[in-house]
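Okay, here's what each chain looks like letter by letter:
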Amino acid sequence: MPDEREFICVTCPVGCSILAKVEGQELIEIRGQACQRGEAFVREELTAPRRMLTTTVRVRGGKLPLVPVRSSAPVPQGLLFALARALRQVELSAPVGDHQPVMLNALDTGIDIVTSRAVEACEGYEEKPGAGT
Amino acid sequence: MYDVIIIGAGVVGAHIARALSRYRLRILLLDKATDVGDGTTKANTAIVHAGYDAKPGSNKARLNVAGNALFEQVCGELDVEFDRCGTYVVGVSEEDRATLEDLYRRGRQNGIRGLSLVGGPEMRSREPGITESVTGALFAATGGLVDPFALCYAAAENAVGNGAELLLETEVQGFLREDDAVVGVRTNRGEFRSRWTVISAGVHADDLMRAAGLDGFTITPRKGEYFVLDRAARAQVRNVLFPCPTPVSKGILVTPTIHGNVMLGPTATDIDDKENLSTTPEGLNEVLTGALKLIPGLESRQIIRSFTGLRASGSTGDFMIDAPKERPGLLILAGIESPGLTASPAIALEVVEMLREAGLELQERAEYVPLRRGIPRFSQLSPAEQEALIARDPRYGRIICRCETVTEGEVVAACHGAIPARTYDALKRRTRVGTGRCQGGFDLPLVLEIMARELGLSPLEITQKGGASNIVVRRTKEVAE
Amino acid sequence: MRSLTCDVLVIGSGPAGLAAAYEAKKHGAEDVLLLERNDELGGILQQCIHTGFGVREFGEDLSGPEYAWRWIARARSADLRVLSETMVLGVDHSRRVVASSRALGLVEILPRALVLAMGCRERPRGALAIPGSRPAGVFTAGTAQRLVNIEGYMPGERYVILGSGDIGMIMARRLTLEGAQVVAVCEILPYISGLRRNLVQCIRDFDIPLHLCTTVTEVRGRDRVESVIVSRVDEQWRPIAGTRQEIPCDTLLLSVGLVPENELTRMAGATIDPATGGPVVDEGHGTDVPGIFAAGNVVHVYDLVDDVSAAARIAGRSAGRYVRQGAPEAGQRIRLRAGENVRAVVPQILGLAALEEGPVVLQFRARHPVEGPVRAELVMGEGAGARVLLSRRHRYVRPAEMVTMSLPPALAAELAAAGDSARDLAVRIIE
């Protein structure tokens, strides 16, 4: 017997309630999604859920102590903590650019972590050779 | 060796220190808290009472009337806002009419001027939002509003400016004795010797009396819970409104504050714990219910804050002001509950006279300065004054607290005052930062940064009110793993 | 005092202010001045580092800072004037604005049109009158967000979050990712008050316990919060005796609602709608003070930033047009009221002349959720005898999700024909 399961699509802020008939990892029937991304979302939830990662990393010599960063695409949900932990070790040197890569192919996901804004350097701060990561 | 040690830097202790600082004396003002005025002073009804309800002949009646008359002078010298707006006791029944007449007679007996009985219709025109059932009121023209903390802080600062020493976070653990005489105190910061020791310790006065070997007087902390309403509520409340007192309770009053908010309260519940400043659902409910009896149009959504104060209610029902013969060198002020704030400047003068009579030599200091100037309050200045202030120091142009319009300049000044603000609450009480409708939501991160910079501390070291009340606990990225 | 003039002055450079200023410029205002109290533009977006912004506005899933910088780039390209680190102290009905800054001191600004875009603020602990002690460690979720994301400090290690607003749920995830523990999220209502996607990706994904019909009834602790007492509540939100439970924690975060920030609106003399907490506005988001417009969350609190920008565009456009042409011919004006299961309607005033020119979108929220097919209706008259002018089907309604209804221009003629009986219309949601 297929199970009926409810999903709330997180792809966009509409947050459609989707009812899916599922057998194992197989999708039998689906309704409630307002667009096609809903079905793709449910298929992914059944096999390998993914989420966007957003956090911050440290900035040395910047006008702000942290710069917000994001994954360029959703990452495997199970890796969120590991990625957040890895990013805690990173320190960038100001000035930091917008969409500057912070971690390429992070934890072999094929996905990059990039800054989500620029941070200017403090007045009087000069980058020392070898500083930063 | 000090001439006088004053235990307790509340509004009474601060006024005593100030009154003594005009003489050639070595004065030490002690408090166990991180700031002056941290006990009953910081949490009470903030009213300068006319003095009609104290029992004729009592210390309370005498010192209330004497203290009240000093407020223009004291607040003028100390640069503290004071509004002699008058106060009302409101009657809502026939029985209340008799109570109002009693209070009127008692007030006349206490020597109070400016008392008048007001009829119901007249009261309605003076206070349009008042309950329909109003039958009359007693108006006391000499009643007024003040900021109790500001008064205490200003008096302490003026005392310090005139040479008195202030030690905070200094708790008295016992008295130094020579036979019967008290010759100083033992504290967590060591021993301090003195000719005279004044106990002015609010709810803790009886504990200190016992430590000095004096029994027979007890203080019961009487909890009073309050609500503060948004400035917008001022539209519904023009005057200070007391209900008629009943044998069980003085009742819940509705009052504007000197800063333009509205305050409701207090309850009156005797408790055991002298550190218990918690609010209760029952208490808060009682405050709201009581306030609505006077002004039915008050809206609970205007509430921005609730707090509790403890009154030092003494076992004799009157202020105790005594230099007991069996303990030479000790002067005791105990049971200083309402009208203690009003009486405080007069109590201080009385203490000075008692010490003089007991043989303390009082020589005037030529360099004594009774005047003290507070931090400029940007929001209270005219545009021209504001411009001049910003021109002098641009930090007065940066608004840190949007609800109360407090500037960076004021925050910086408070961090470097004669009694510096070292905690967020201390800063709040000096500048009103974070006391408005958003309750610090906007200013807190900015204030943390400014305080840390000005005090040479890390934001991790800034506390709300001393002790372990740190506001932030670690840097975001520093996780113990 | 230095005195400045401009065509349009916009107070606040968050998502509303940026969009309103940009749009005012595009629609005829030559000299647009944008005023911001912080040192950089973007308002609260700079601390909202999560994604979920921009799907409607840019067709991309952006973080808050990215969304802000896209708009800042637009503002730069449109050649707007900006005055940052400047806070408005007062406004009057003649649009005279006085502001203060470190660099300029007091400044008087006399714009030909004014757009209010101050956003909203969070409801603090005091507003809930939670009993108990007053220790350090009680924060609104947004203040915590700023501390964690911008200042770089954690307000605690072990959190209880009261309220399931979006910022609260987003902070639950954020704090968890930064190594802290969120031990409970309590919501007094039987349903969450934020978006459902946040329930999934911020709460369930991290196995954070969510307690519905539960509130915090006491705060304990002397210096720092040591624990909170939570209790289940009945239908009237009263704590149920015997359900008290103590949860040890060092921090209580509050996510219990946002309130439009309207001090300046009041000073300017605009009428405030008690249902929204914002000014009464017409279809062009003009207040009842001539030449003063309101953009975004100052009018009523939106769910999505993209919608804030969209609403602010309307206000900006109207301000631009006001500068160019003066007040438009109002024609017949209709008052819109909240009917059955509707909390408030924006705009509150509908001018038929404007409706003739193009569709007008009504925005409103349900008072109670209905998890089944419903109709949102625009009606004339009351109850069963009401004449339904427009009816739209919805699969469900939830208070957390704003409902919209687009009024077609064709409706203008029908309303004009109905004359006086159409002076007052209601919006209702029925099953």
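Residues numbered from 1 in each chain as written. Chains lettered and ligands numbered in written order. Predicted model: local features only at pLDDT ≥ 70, side-chain atom pairs only at ≥ 80, totals over all residues.

Time to look at the overall build of chain B. Counting secondary structure elements, chain B contains 13 helices and 23 strands. Once the C-alpha set of chain B is aligned to its principal axes, its extents read approximately 60 × 60 × 50 Å. For chain B, with 481 residues in total, the buried portion stands at 56%. Long-range pairs, those at least 24 residues apart, make up 72% of the contacts in chain B between residues at least 6 apart in sequence. (Helix = DSSP H or I, 4+ residues; strand = E, 2+ residues; numbered from the N terminus. Buried ≥ 20, exposed ≤ 12 C-beta atoms within 10 Å, placed from the backbone. Contact = placed C-beta atoms within 7 Å.)

Within the largest apolar cluster, 170 residues are counted, with the highest numbers of intra-cluster contacts made by C:Ala20, C:Val115 and C:Ala295. Element by element, the count of residues in this core is highest for helix H8 (residues 305-325) of chain C, at nine residues. What C:Ala20 contacts, discounting residues up to four positions off in sequence, is C:Val10, C:Val115, C:Ala117, C:Ala295, C:Ala312, C:Ala315, C:Gly316 and C:Ala319. The next biggest cluster of nonpolar side chains, apart from the first, holds 122 residues, and it includes B:Val11, B:Leu29, B:Leu100 and B:Val134. (Core = buried A, V, L, I, M, F, W, Y, C linked by C-beta atoms within 7 Å.)

Attention now moves to the environment of B:Ser194. Residues and elements named next belong to chain B. Here Ser-194 lies in strand E12 (residues 190-199). Once the C-alpha coordinates of Ser-194 and Pro-243 are considered, the two residues, 49 residues apart in sequence, prove to be 46 Å apart. Sequence-distant contacts of Ser-194, that is, excluding residues within four places in its chain, are made with Met-1, Tyr-2, Asp-3, Val-4, Ile-5, Leu-28, Val-183 and Gly-184.

Moving on to the interface of chain C and chain B. Contact with chain C, which involves 40 residues of that partner, is made by 42 residues of chain B. Those elements that provide at least two residues to the side of chain C that touches chain B are strand E6 (86-91), strand E7 (97-101), strand E8 (105-116), strand E9 (120-122), helix H3 (125-128), helix H4 (141-151) and strand E11 (153-154) of chain C. At six residues, H4(C) tops the list of elements feeding residues into the side of chain C that touches chain B. Across the side of chain C that touches chain B, the residue classes tally to 15 nonpolar, 12 polar and 13 charged. Both strand E23 (residues 474-475) of chain B and E11(C) contribute to a ladder of two bridges, which runs antiparallel. Bridge pairing in E11(C) links B:Arg475 to C:Tyr153. (Nonpolar A, V, L, I, M, F, W, Y, C, P; charged D, E, K, R; others polar. Pairing = 2+ DSSP bridges.)

All names here are of chain B. Of all the 10 residues making up helix H1 (residues 11-20), 10 are buried; the element is thus mostly covered by neighbouring parts of the structure. Regarding H1, the residues found buried are Val-11, Val-12, Gly-13, Ala-14, His-15, Ile-16, Ala-17, Arg-18, Ala-19 and Leu-20. Elements that come into contact with the buried residues of H1 comprise strand E1 (2-7), strand E2 (27-30), helix H6 (148-161), E12, strand E20 (330-334) and helix H9 (340-357).

Per-residue pLDDT for chain C has a mean of 95; in total, 100% of the residues score no lower than 70. The complex model carries a pTM of 0.95, and its ipTM stands at 0.94. (pLDDT = per-residue confidence, 0-100.)

All names here are of chain B. Here Asn-188 is to be found in the loop between strand E11 (181-187) and E12. Look at Asn-188 and you get exposed, because 10 C-beta atoms sit within 10 Å. In contact with Asn-188, other than residues within four places in its own chain, are Thr-170, Glu-171 and Gln-173.

Counting along an α-helix, one turn takes 3.6 residues, and residues three or four places apart therefore face a common direction. Those residues of helix H2 (residues 80-88) of chain A not exposed but buried are A:Leu80, A:Leu83, A:Leu87 and A:Arg88. Each buried residue of H2(A) lies within a common arc of 140° when the element is viewed along its axis, so the set occupies one face. (Arc of directions from axis to C-beta.)

All names here are of chain C. Relative to the elements of secondary structure, Gly-286 occurs in the loop between helix H7 (263-267) and strand E20 (292-294). By the C-beta count within 10 Å, which is 30 here, Gly-286 ends up buried. On a C-alpha basis, the gap between Gly-286 and Ala-270 in space is 9.9 Å, while along the polypeptide they are 16 residues apart. The residues touching Gly-286, leaving out its near neighbours within four places in the chain, are Val-281, Phe-293 and Ser-318.

A word on the pairing of strand E15 (residues 253-256) of chain B. All names here are of chain B. Side chains of E15 alternate between two faces, with Leu-253 and Thr-255 and Val-254 and Pro-256 buried alike. The pairing of E15 with strand E16 (residues 262-265) spans four bridges and is antiparallel. Each residue of the ladder has a partner; that of Pro-256, found in E16, is Val-262. Between E15 and E16, which pair antiparallel one after the other, the connecting turn spans five residues, and Gly-260 there sits at a positive phi close to 95°.

On to the sheet that holds strand E10 (residues 113-115) of chain A, then. All names here are of chain A. Taking strand neighbours across the sheet as the criterion, the five strands line up as E8-E5-E6-E10-E9 in an open arrangement whose pairing is mixed. Where the open sheet ends on each side, the last strands, each with one partner, are strand E8 (91-93) and strand E9 (101-103). The mean inter-strand angle of the sheet, taken between neighbouring strand axes irrespective of direction, is 45°. With five bridges joining them, strand E5 (residues 54-60) and strand E6 (residues 66-71) adopt antiparallel strand pairing. Within E6, the residue paired with Arg-58 across the bridge is Leu-66. (Axes fitted to C-alpha atoms, helices over the stretch in contact; angles between N-to-C directions.)

This next bit is on unusual backbone geometry. With the exception of glycine, most residues fall at negative phi, and the peptide bonds are largely trans. In this structure, B:Pro266 follows B:Gly265 across a cis peptide bond, with omega equal to -5°. For B:Pro266, the location among the structural elements is in the loop between E16 and strand E17 (269-270). Cis geometry is adopted by the peptide bond preceding B:Pro339, which originates at B:Ser338 and carries an omega value of 5°. Tracing the backbone shows B:Pro339 in the loop between E20 and H9. With phi around 45°, A:Asn105 is a residue other than glycine that occupies positive phi space. Although it is not a glycine, C:Asp79 adopts a positive phi angle of roughly 65°. Along the chain, C:Asp79 falls in the loop between helix H2 (64-77) and strand E5 (81-83).

This part covers the domain arrangement of chain C. All names here are of chain C. Domain boundaries in chain C define domain 1 (2-121 + 259-328), domain 2 (124-256) and domain 3 (335-430). Relative placement of domain 1 and domain 2: their C-alpha centres are 31 Å apart. With five residues of domain 1 at the interface, the matching set in domain 2 holds six residues. Here the residues of the side of domain 1 that touches domain 2 are counted per class, giving one nonpolar, three polar and one charged. (Domains from an automatic or database assignment.)

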